[in-house]
Amino acid sequence: MKNVIRLLKLTGPFKGSVAFNLLFNILGMLFSLFSFAMVVPLLKILFTTDEANFVKIAEKYESITSQSTDVMDYANYFMANLVLENGKYYTLVTICVVLIGVVFFKNLFTFLSAVFLNRVIYGVSKSMRQAIYHKIIHLQLSFFSDEKKGDLMSRFTSDVREIELSIASSIRGAFKDPFYIIGYILALFYINAKLSIFILIFLPVSGAVIAFIGNGLKRKSKQGQQQSGSLLSILEETLSGLRIIKAFNAEDKVEKSYAEKNNQLYRLFIKIYKRVDVASPISEFLGIVSTSVVLLFGGNMVINGTLEPDLFIGYIILFSQLISPAKSISKAIYESNRGVAALNRINEILEAKTEIKDTPNAVTLKSFSKAIAYKNVSFKYENDYVLKNVSFDIEKGKTIALVGQSGSGKSTLADLLPRFYDVEEGEITIDDIPIKNVTLKSLRNQLGIVTQQSILFNDTVFNNIAFGKPEATLEEVISAAKIANAHEFIEQLEDGYQTNIGDGGGKLSGGQKQRLSIARAVLKNPPILI
Ligand code: ADP
Ligand code: MG
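The structure displayed is predicted, hence computed values, not measured ones. (Residues numbered from 1 in each chain as written. Chains lettered and ligands numbered in written order. Predicted model: local features only at pLDDT ≥ 70, side-chain atom pairs only at ≥ 80, totals over all residues. Heavy atoms only, no water.)

Undergrad: When you look at the overall build of the protein in this model, what are you seeing that I'm missing?
TA: Across its full length, the protein holds 20 helices and 6 strands. Taken over the C-alpha trace, the protein has a radius of gyration of 36 Å; the compact-globule value for 530 residues is 24 Å, which it surpasses by more than 25%. Structurally, the protein occupies a C-alpha span of about 115 × 50 × 45 Å along its principal axes. In the protein, which comprises 530 residues, the proportion classed as buried is 40%. (Helix = DSSP H or I, 4+ residues; strand = E, 2+ residues; numbered from the N terminus. Rg over C-alpha atoms; globule rule 2.2 N^0.38 Å. Buried < 20%, exposed > 50% of the residue type's maximum accessible area, 1.4 Å probe, protein only.)

Undergrad: Would you mind showing me how to read the pairing of strand E3 (residues 425–430) here?
TA: Along any regular strand the residues' side chains alternate between the sheet's two faces. Pairing of strand E1 (residues 371–380) with E3 involves 5 bridges; the strand directions are antiparallel. Bridge pairing in E3 places Tyr374 opposite Ile428. Relative to strand E4 (residues 433–434), E3 runs antiparallel, the two being bridged by 2 bridges. Residue pairing across strands places Thr429 opposite Pro434, the latter belonging to E4. As consecutive antiparallel partners, E3 and E4 are separated by 2 residues, and within that stretch Asp431 has a phi angle of approximately 50°, a positive value. (Pairing = 2+ DSSP bridges.)

Undergrad: What am I meant to see in the sheet that holds E1 here?
TA: Picture the strands of a sheet paired through backbone hydrogen bonds; they go either parallel or antiparallel. Read across the sheet, 4 strands follow the order E2-E1-E3-E4 without closing on themselves; strand pairing throughout is antiparallel. Pairing within the sheet leaves two strands with one partner each, and these edge strands are strand E2 (385–395) and E4.

Undergrad: For this particular structure, what's the right way to read the site of ligand 1?
TA: All residues adjacent to ligand 1 are Tyr381, Val386, Gln405, Ser406, Gly407, Ser408, Gly409, Lys410, Ser411, Thr412 and Tyr421. Between Gly407 and ligand 1, the recorded distance is 2.7 Å, taken from a backbone N or O atom to an oxygen atom. Within the side chain of Thr412, a nitrogen or oxygen atom sits 2.4 Å from an oxygen atom of ligand 1. Starting from 560 Å² of accessible surface for ligand 1 in isolation, the protein chains cover 62%. Per-element accounting of the shell around ligand 1 gives the leading share, 3 residues, to helix H15 (residues 410–416). Counted by class, the shell around ligand 1 contains 3 nonpolar, 7 polar and 1 charged residues. (Near = heavy atom within 4 Å. Polar contact = N/O pair within 3.5 Å; in protein donor to acceptor, adjacent residues only side chain to side chain. Areas by Shrake-Rupley, 256 points an atom, 1.4 Å probe, with all protein chains shown as cover. Nonpolar A, V, L, I, M, F, W, Y, C, P; charged D, E, K, R; others polar.)

Undergrad: Help me out: how do you make sense of the pairing of E2 in this one?
TA: Looking at chain direction, E1 and E2 are connected through 7 bridges and run antiparallel. Each residue of the ladder has a partner; that of Ala373, found in E2, is Asp393. Where E1 hands over to E2, the hairpin turn is made up of 4 residues, counted between the paired strands.

Undergrad: What am I meant to see in the pattern of salt bridges here?
TA: Close approach of charged atoms lets side chains of opposite charge pair. Applying the stated criterion to the full structure yields 9 salt bridges. Salt-bridge contacts for Arg345 lead to Asp159; the nearest nitrogen and oxygen are separated by 2.7 Å. A residue pair is termed long-range when its members are at least 10 positions apart, and Arg345 in helix H14 (residues 309–350) and Asp159 in helix H8 (residues 149–175) qualify at 186 residues. Owing to a relative accessible area of 0%, Asp159 belongs among the buried residues under this scheme. Taking the shortest distance from any N to any O, the salt bridge between Arg419 and Asp422 comes out at 2.8 Å. Residue Asp422 is classed as partly exposed on the basis of its relative accessible area, which comes to 22%. (Salt bridge = Lys/Arg side-chain N within 4 Å of Asp/Glu carboxyl O.)

Undergrad: Would you mind showing me how to read the side chain of Arg419 here?
TA: Within the fold, Arg419 resides in the loop between H15 and E3. For Arg419, a relative accessible area of 3% translates into the label buried. A polar atom in the side chain of Arg419 sits 2.8 Å from the side chain of Asp422. Not counting the four nearest positions on each side in its chain, Arg419 is found in contact with Ile356, Lys357, Ile435, Lys436, Val438, Leu440, Leu443 and Arg444. (Contact = heavy atoms within 4.5 Å.)

Undergrad: Looking at this structure, I do not really get helix H9 (residues 177–191). What am I missing?
TA: Side chains three or four residues apart in an α-helix point the same way, a direct result of the helix having 3.6 residues per turn. The terminal C-alpha atoms of H9 lie 21 Å apart, and with 15 residues this matches the ideal 21 Å at 1.5 Å per residue to within 8%. Considered for burial, the residues of H9 that qualify are Asp177, Tyr180, Ile181, Gly183, Tyr184, Ile185, Ala187, Leu188 and Ile191. (Expected span 1.5 Å × (residues − 1).)

Undergrad: Whenever I open this one, unusual backbone geometry confuses me. Can you help?
TA: For residues that are not glycine, phi is negative in most cases, and the peptide bond is trans in most cases. Within the chain, Asn249 stands out as a residue other than glycine whose phi angle is a positive 50°. Residue placement: Asn249 occurs in the loop between helix H12 (242–247) and helix H13 (251–304). For Asn249, a relative accessible area of 65% corresponds to the exposed category. Positioned with a positive phi, Asn376 is a non-glycine residue whose angle comes to about 50°. Secondary-structure assignment places Asn376 in strand E1.

Undergrad: Just to check I follow, could you spell out the packing of aromatic side chains for this structure?
TA: Centre-to-centre distance and the angle between the planes together describe a pair of aromatic rings. All told, the structure shown has 15 aromatic pairs when counted by the stated rule. When the ring of Phe379 is compared with that of Tyr381, the centres are 5.0 Å apart and the planes differ by 85°; the resulting orientation is edge-to-face. The class for Phe379 is buried, based on a relative accessible area of 4%. By way of ring pairs, the aromatic residues Phe20, Phe24, Phe31, Phe104, Phe105, Phe109 and Phe116 are connected into one cluster. (Phe/Tyr/Trp six-rings, centres within 6.5 Å; stacked < 30°, edge-to-face > 60°.)

Undergrad: What should I look at first to understand the packing of H8 against H14 in this one?
TA: To characterise two packed helices, one gives the angle between the axes of the helices and the distance between these axes. Packing of H8 against H14 brings their axes to within 8 Å, and their N-to-C directions diverge by 145°. Two packed elements cross with a definite hand, and for H8 against H14 that hand is left-handed. Residues of the contact of H8 with H14, tallied by class, amount to 10 nonpolar, 7 polar and 8 charged. (Axes fitted to C-alpha atoms, helices over the stretch in contact; angles between N-to-C directions. Left-handed = near helix turned anticlockwise from the far one by under 90°.)

As far as function goes, none of this settles anything; it's purely spatial.
Right under this line is the structure:
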């Protein structure tokens, strides 16, 4: 129940749609109740063979209706008169026409309620995806050394999907099923109160059984999502490393390790869905048991003549309709366990701290005119210091190369300047302003970066070069490409600057990719180029 409420809180921004959904649910319920109630007069017509009986009914109810407020009395009276005046067949036609009308509206309202439900569900998942994406592009890089890419992707896809499903059932469980149950129960009490007391015992009992089954589903679901995440990670790595896997004849090896993980996931899913799927047959069985009890008691009443048979059949039909919303509520409760497990995984990202952000009174770095200074800089990724007490100055206009062994900290030193990471001790200043005190945006505006691995996007050559300066003209892009020695090969591409370079620039050579990233940095024309 707690979980259902947590999921419903997500629908806060869509209050209007939720309200419309509720409205159409209630209308739909009233009309479906009405459509089932139509069975009673239908049966009366079919099974009352003697015309004289209708006269009796009409007379009997005529005396009552003058004071009665009971709808059933009016209905009976109206129907008996219709039969007496126009005959049975005419009455049958009338009932069928009314039935068609009622069912039409019932389905219209059901459709409208679904339309508004979808707005809520997909509205929530849309803003959730956007929020995760926003968070990911603003999180500091160090977050991603701990997280697996596939795991992140599974949070985007299957966790969000899980939330969509559980929100759908939570809304139905809160704003639809209870109203159907209440409406049906009221109708049942109206038809026969004595028989209906039994329902009040049966419903809580079956609810408790279902809740018991749902326990433990949350933990298992979380494991399931984690494992599908790691499976996606392997796939992602495999796709990008296919060349190496083939060259080193490692197909069998990677396939074996994939099979192992795949098997684990299979076993977990079997366990999860055993629990999920046992709920439905159990509640169906409980439903049949309770229907039998009603049949027994009600049948006895019919035999004794205290309950009219056509009313009783109508009662049984209504009662059997009670099972489906009751089942749906229990489904909402156990699905919410899985939804909350997914929600928690998503919140782990949304609530991750953005460690590197602007200080409250950060200034704008307007230009670079004198020098960059590293002063006693120390830095560590985890436990061991990678940089210890490093100091040096770089004057404007100078080209400086860092030379050292692999792993000595050259890239790290460069990453500190755009504040991909923050220094542990010491400080870095630009024109004597500590970079910690300037806004990230203005700092990075002064910088152009060509990384060791060329990072390009699945887009045209033009857009890749103009990535940091979307308003650049073709002339500017061409002149940047010329400086980076890229113009010649770009011209020979199929569509020149409008050629799409494929995923990660896959259609280009390593050197060509490098040149494009240089052109991209040149076009930005920053005072500082890393
Ligand atoms: P290089 O001089 O070859 O560019 P780096 O600056 O990339 O060296 O790396 C310096 C050291 O920091 C290496 O020992 C490396 O293991 C470690 N290191 C680099 N990146 C990370 C990271 N994201 N997390 C933890 N350790 C890292
Ligand atoms: Mg390096």
